[in-house]
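One-letter residues, chain by chain:
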Amino acid sequence: MATQTPKPDELAVPLDLLLTSATKPFVSRMMPDDTWTRFAAGLARRPGAVAGRIGTLTRELGAVAAGNSQRVPARADKRFADPAWEQNPVLHRIMQAYLAGAETAEAMVADAALDWRDRERMRFVIDNLVEGLAPSNNPLISPLGWKAMIDTGGLSAVRGLKALARDMLSKPRVPAMVEPDAFVVGETVAVTKGAVVLRTPMFELIQYAPQTAKVREVPLLMVPPVINKYYVMDIAPGRSMIEYFVRQGQQVFVISWRNPQKRHRDWGFDEYGAAIVEAMDAVETISGTDRTHLLATCSGGILAAMTAAHLAEIGEGDRVAGLNLSVTVLDEDRAGLPAAMMSERAAQAAIRASGRKGYLDGRDMAEMFAWLRPTDLVWRYWVNNYVQGRKPAAFDVLFWNADTTRMTAALHRDMVLMAVRNALVTPGGVSMLGTPVDLAKVTADAYVVGGVADHISPWQATYRSARLLGSKDNRYVLSTSGHIAALVNPPGNPKASYRSGPVDADDPQRWLEAAEQSSDSWWPDYVAWLAERSGPEIDAPKTLGGEGLPPLGPAPGSYVMEK
């Protein structure tokens, strides 16, 4: 049976708010600590509930042994899709006993009545234990493994052992989700035509060639995350956000961040904010305008919002024609597991760890992130790569996901402290380029995008973040997708839809109930929103670059190639 390719919403690079976790080995996260003590104490205060759970489990295991249990996997659970789990009586009982035990373990987390931080931390531990113990992962039990052994005359076991050795000898020490040569940047991914028109020690600015006779006057500058590389926005023809915007007559530029090394350790908020301003200067020089739209994602959205606040503070807020923040959390209050893992003590330990190296390695973040989604990002590939001895399927988003970058020690410090203190919700709680950040002073029209299935940037947190902005025309869009699928979301998907409306409700759930629902991707809606705010159509430029900013080489540039 072929292993299914994961959906884009099951994949994502680590959000910057996981930065404290990435500096600690995964094993240390699983070791007993104060959270375990409070978990045990919570259960001890509810002996009746615990006794009830154990009694229910005991009766269910008895029914399993007698062959009377009706327990079946959830419809979405593909681990037990092979017919042998249903038809073989021994395997069927093993599966049912596992499902019963997993349900009991997960229920006990709720029974302990922990506060939200301890609940999220304990759920992380329980989820990983439960997923790791699944009988489908066991090569001695898995029917997929035995069938592969028979079909290949034992070669599957040899290939699996070789793959295991390869993956464990280098970071990130998790099963490979894609072969390193599955795609080529600039040839099979990141192929939209354009040119590098500015290169600084921090970034390259790419201008994309127009594909229409007329273009909109006000350009769009895209600010990608500082973890992983920009080309998720230009992932492949037909699915590229950049390609789509260019074909709709938008002038498009993108920042390609440099993969920093130890010598760049001092690049922090101010340096990245200055880089965004420098990119805006170049875009406006080339376009002959004094305004620029900003579309920024994830950690890039944090930096762009702070930069917009700085421009507002110095009287240049009108330079931002419109602000699109996609899957971006500015308000960290209860923003899921990443926020739960944060504490001042953990923050300081993480800062010291990256300070010793000069950077935080993206491979460490990738490893930690994989264990946040163990079924999809670890055990699925454990079975495919090691138990079955197969190569993982070639999937461009997975290739991009594995193309990690480092984060400078200074930016890591700034991001961690800002997040653990939730500094952006308080005017002046953090500064950018020497000015206090007050997001309420960002009055540019805002278009904020969240994903209803986003486990990195919970949509409720992105909605609350939209309310921090001072925009009078503030539109929130909730896509039926997750962290990456909210971006890689081209029109034409019959299963896609989104809700939209003004950010006028205090409670995200109230907004959801009142929001208008539309089918397909949000991209066309955003293009229409841009068109209303991008001035008249003008003749498309015949050449790329501008005065003092000649083309330096073709897109995707050189920085994206750096490892």
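All of these numbers come straight from a predicted model, not from anything done at the bench.

A. Just the side chain of D331, in detail. Inspection of the secondary structure puts D331 in the loop between strand 7 (320-326) and helix 13 (336-340). A polar side-chain atom of D331 sits 3.2 Å from a polar atom in the side chain of N422. Excluding residues that lie within four positions of it along the chain, D331 makes contacts with N422, V425, A461, R464, S465 and L468.

B. Main features of helix 19 (residues 459-466). Among the eight residues that make up helix 19, six are buried, leaving the element largely enclosed by the rest of the structure. Among the residues making up helix 19, those that are buried are W459, A461, T462, Y463, S465 and A466. Summarising the contacts, the buried residues of helix 19 are in contact with strand 12 (446-451), strand 13 (474-479) and helix 20 (508-514).

C. How the structure looks around the environment of D504. Note on placement: D504 falls in the loop between strand 14 (497-502) and helix 20. We classify D504 as exposed; its relative accessible area is 58%. C-alpha separation for the pair D504 and D331, spaced 173 residues apart in sequence, amounts to 17 Å. Setting aside chain neighbours within four positions, we find D504 in contact with Y463, R467 and W511.

D. The arrangement of the nonpolar core in detail. Membership of the largest hydrophobic core comes to 77 residues, with the highest contact counts inside it found for M222, Y231 and F245. Both domains that furnish three or more residues to this core are identified here as domain 1 (15-138) and domain 2 (194-333 + 422-536 + 553-561). With 65 residues, the next largest nonpolar core counts F253, L294, M407 and M415 among its residues.

E. Just the UniProt feature "domain: Poly-beta-hydroxybutyrate polymerase N-terminal" (unreviewed entry) in the protein, in detail. Following the UniProt record, one finds the feature "domain: Poly-beta-hydroxybutyrate polymerase N-terminal" (unreviewed entry) at residues 77-244. For residues 77-244, the helix share is 43%, the strand share is 11%, and the end-to-end C-alpha distance is 34 Å.

F. Layout of the domain arrangement of the protein. Each domain of the protein was delimited in the assignment, giving domain 1 (15-138) and domain 2 (194-333 + 422-536 + 553-561). Taking the mean C-alpha position of each, domain 1 and domain 2 sit 39 Å from one another.

G. Representation of a nonpolar patch on the surface in the model. Together, W146, M149 and I150 line one region of the surface with nonpolar side chains, adding up to about 330 Å² of accessible area. Assignment of secondary structure puts M149 in helix 8 (residues 143-152). According to the relative accessible area criterion, M149 is partly exposed, its value standing at 31%.

H. Quick look at the side chain of N385. Residue placement: N385 occurs in helix 16 (residues 374-387). Given the relative accessible area of 1%, N385 is considered buried. There is a polar contact of 2.9 Å between the side chain of N385 and the side chain of N384. For N385, the contacting residues outside a window of four places in its chain are G160, A163, D167, P175, A176, R390 and P392.

I. Summary view of the sheet that holds strand 6 (residues 292-297). Reading across the sheet, the eleven strands line up as 15-14-13-12-7-6-4-5-2-1-17 and stay open at both edges, with mixed pairing between neighbours. This sheet does not close on itself; its edge strands, each paired only once, are strand 15 (516-519) and strand 17 (553-554). In terms of strand pairing, strand 7 meets strand 12 through four bridges, oriented parallel. Bridge pairing in strand 12 links L325 to V448. Its contacts with the sheet place helix 19 against strand 12 and strand 13, and it is angled at close to 170° to strand 13. Packing of helix 21 (residues 523-531) onto the sheet brings it into contact with strand 4 (220-223), strand 6, strand 7, strand 12, strand 13 and strand 14, and relative to strand 12 it is tilted by some 170°.

J. Summary view of unusual backbone geometry. A cis amide bond links K171 to the next residue, P172, at an omega of -10°. Relative to the assigned elements, P172 resides in the loop between helix 9 (155-168) and strand 1 (194-199). Cis rather than trans, the peptide bond between A555 and P556 has omega equal to 15°. The residue P556 is located in the segment after strand 17 in this model. In the Ramachandran plot, N228 falls in the positive-phi region, its phi being about 65° despite a non-glycine side chain.

K. Region of the structure containing the packing of helix 11 (residues 269-287) against helix 12 (residues 298-313). It is at 9 Å that the axes of helix 11 and helix 12 come closest, and there the two elements cross at 75°. Between helix 11 and helix 12, the angle falls in the class roughly perpendicular. Contacts from F269, Y272, G273, I276, V277 and M280 in helix 11 reach L303, A304, M306, T307 and L311 in helix 12. When the residues that make up the contact of helix 11 with helix 12 are grouped by side-chain class, the tally is nine nonpolar, two polar and no charged.

L. The arrangement of the pairing of strand 12 in detail. Taken across its six residues, strand 12 has six buried, putting it largely inside the fold. Where burial is concerned, the two faces of strand 12 agree: the one with A446, V448 and G450 and the one with Y447, V449 and G451 are both buried. Where strand 12 meets strand 13, six bridges bridge the pair, whose relative direction is parallel. Residue pairing in the sheet places Y447 in a bridge with R475 of strand 13. With respect to chirality, the unit in which strand 12 leads through helix 19 into the neighbouring parallel strand 13 is right-handed.

M. Expanded view of the pairing of strand 14. Here five bridges tie strand 13 to strand 14, and the two strands are oriented antiparallel to one another. Pairing of V477 across the sheet is with S500, part of strand 14. Strand direction decides the pairing type here: strand 14 and strand 15, joined by four bridges, are antiparallel. Its bridge partner lying in strand 15, R499 is registered against Q517.

Basis of the calculations
Residue numbers restart at each chain and count upward from 1, following the sequence in its written direction. Restriction of local features to residues with pLDDT of at least 70 applies here, the model being predicted, together with a cutoff of 80 or more for giving and counting side-chain atom pairs; totals for whole chains, interfaces and linings are based on all residues. For the side-chain quantities, the full set of heavy atoms in the structure was used; hydrogens and water were omitted. Think of it this way: any DSSP run of H or I at least four residues long counts as a helix, any run of E at least two long counts as a strand, and we number them from the N terminus. Polar contact criterion, stated in full: a pair of N or O atoms within 3.5 Å, where within protein one must be able to donate a hydrogen and the other to accept it, and residues adjacent in sequence count only if both atoms are side-chain atoms. Pairs of residues are marked as contacts when any of their non-hydrogen atoms sit within 4.5 Å. In this scheme, a residue with accessible area under 20% of its type's maximum is buried, one over 50% is exposed, and one in between is partly exposed, where area comes from a 1.4 Å probe on protein chains only. Among buried residues, those of type Ala, Val, Leu, Ile, Met, Phe, Trp, Tyr and Cys that are joined through side-chain atoms within 4.5 Å constitute a nonpolar core. By convention here, the domain bounds are inherited from an automatic or database domain assignment. UniProt positions are given in the numbering used here, feature names are shortened, and annotations may be inferred rather than shown by experiment. Exposure above 30% relative accessible area and the absence of a salt bridge qualify a residue for a patch, where like charges join within 9 Å and nonpolar side chains (Val, Leu, Ile, Met, Phe, Trp, Tyr) within 5 Å. Method for areas: the Shrake-Rupley scheme with a 1.4 Å probe, in which residue coverage is limited to the protein chains shown. Salt bridges are defined by distance alone: a side-chain nitrogen of Lys or Arg within 4 Å of a carboxyl oxygen of Asp or Glu. Note on pairing: two strands pair once DSSP finds at least 2 bridges between them. Between the N-to-C directions of two axes lies an angle of 0 to 180 degrees, each axis being a line fitted to C-alpha atoms and, for a helix, fitted only over the stretch in contact. When an angle is under 35 degrees it counts as roughly parallel; over 145 it counts as roughly antiparallel; between 65 and 115 it counts as roughly perpendicular; any other value is oblique. Only Asp, Glu, Lys and Arg are considered charged, only Ala, Val, Leu, Ile, Met, Phe, Trp, Tyr, Cys and Pro nonpolar, and every remaining residue, Gly among them, polar. Classification remark: right-handed applies to a crossover when, strands pointing away from the viewer, the course from the first strand over the helix to the second runs clockwise.

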